[in-house]
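# A structural walkthrough
Chain residues, written in single-letter form:
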Amino acid sequence: MEFVIAVAAGHWKHNTSKRMPKEIDPARTLEWALNMRVAAFLEEEAKHYPDVKIIRVDDLGETRVLVADRAKAANELGAHYLLEIHHNSGAKLTKAGGVSIFYYRSSAKGITESVYNAVIAAGGIRGNRSSPINKKGYDILANAKIPATLIECGFMDSTVDGPIILTEEYSRNVARG
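Keep in mind it's a predicted model, so treat the numbers as computed, not measured. (Residues numbered from 1 in each chain as written. Predicted model: local features only at pLDDT ≥ 70, side-chain atom pairs only at ≥ 80, totals over all residues. Heavy atoms only, no water.)

Before going further, it helps to spend a moment on helix 6 (residues 168-176). Buried within helix 6 we find Tyr-170, Ser-171, Asn-173, Val-174 and Ala-175. On its buried face, helix 6 is in contact with helix 1 (31-46), helix 3 (109-123), strand 6 (148-155) and helix 5 (161-165). (Buried < 20%, exposed > 50% of the residue type's maximum accessible area, 1.4 Å probe, protein only. Helix = DSSP H or I, 4+ residues; strand = E, 2+ residues; numbered from the N terminus. Contact = heavy atoms within 4.5 Å.)

Moving on, we come to the pattern of salt bridges. By the definition in use, this model includes 7 salt bridges. Between Arg-70 and Asp-59 there is a salt bridge, with its nearest N and O atoms 3.4 Å apart. Placement of Arg-70 in helix 2 (residues 67-76) and of Asp-59 in the loop between strand 2 (52-56) and helix 2 is noted, with a sequence separation of 11 residues between them. Looking at Asp-59, the relative accessible area reads 7%, which means it is buried. (Salt bridge = Lys/Arg side-chain N within 4 Å of Asp/Glu carboxyl O.)

Looking now at the side chain of Glu-152. On the secondary structure map, Glu-152 appears in strand 6. Although Glu-152 is buried, it forms no salt bridge, and the closest oppositely charged side chain is Lys-18 at an N-O distance of 8.2 Å. At a separation of 3.0 Å, a polar atom in the side chain of Glu-152 contacts the main-chain amide nitrogen of Asn-88. Discounting chain neighbours no more than four positions away, the residues touching Glu-152 are Glu-31, His-86, His-87, Asn-88, Gly-98, Val-99, Ser-100 and Phe-102. (Lys, Arg positive; Asp, Glu negative; His and termini not counted. Polar contact = N/O pair within 3.5 Å; in protein donor to acceptor, adjacent residues only side chain to side chain.)

Once that is clear, we can look at unusual backbone geometry. Positive phi, normally seen in glycine, also occurs at His-11, with a value near 75°. Within the secondary structure layout, His-11 lies in the loop between strand 1 (3-9) and helix 1. The backbone of Lys-92 shows a phi angle near 55°, a positive value even though the residue is not glycine. As for its position among the elements, Lys-92 is in the loop between strand 3 (81-88) and strand 4 (100-103).

Moving on, we get to the packing of helix 1 against helix 6. At a minimum axis separation of 8 Å, helix 1 and helix 6 run at an interaxial angle of 50°. By the angle between their axes, helix 1 is oblique relative to helix 6. In the packing of helix 1 onto helix 6, the handedness of the crossing is right-handed. Side by side, helix 1 and helix 6 meet where Arg-37, Val-38, Phe-41, Leu-42, Glu-44 and Glu-45 of the first sit next to Glu-168, Ser-171, Arg-172, Val-174, Ala-175 and Arg-176 of the second. (Axes fitted to C-alpha atoms, helices over the stretch in contact; angles between N-to-C directions. Parallel < 35°, antiparallel > 145°, perpendicular 65-115°, else oblique. Left-handed = near helix turned anticlockwise from the far one by under 90°.)

As structure tokens, this is what we get:
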């Protein structure tokens, strides 16, 4: 039986408020671009698993797809799991950071913990957060009728995470995890 994963890269290509700070990245890379890169590598990685199918429920950049519509598409397309990919901010140019991951339904707790552990092992950014795995009612998670996870793949404004998450190698490793 095929396991269908609905994947969404968070935000939208034209949301320019979510970006790397110039002190870390003079090009001010958009969060959307970082999210899309991880999603693209995840699609590539999934090709190694014949029983896994990836469906994209995000905007792919050109047409804005609202969060509620992403969850609705995942539900309607018969996905077994939904993964929303993000990169965080809030470290404000300090060494704070790390990967954070969220779930809402209890049916998602196990897979969320597994994804977190695999991403940490593959990507290497553990961070210094006291509660990296959290239950939260974010819209994408609450509206999905299937197990769903939202992952923050590190802090764009962390002086430790920022330079790492800018690399293609890190994005590829996160997808591999």
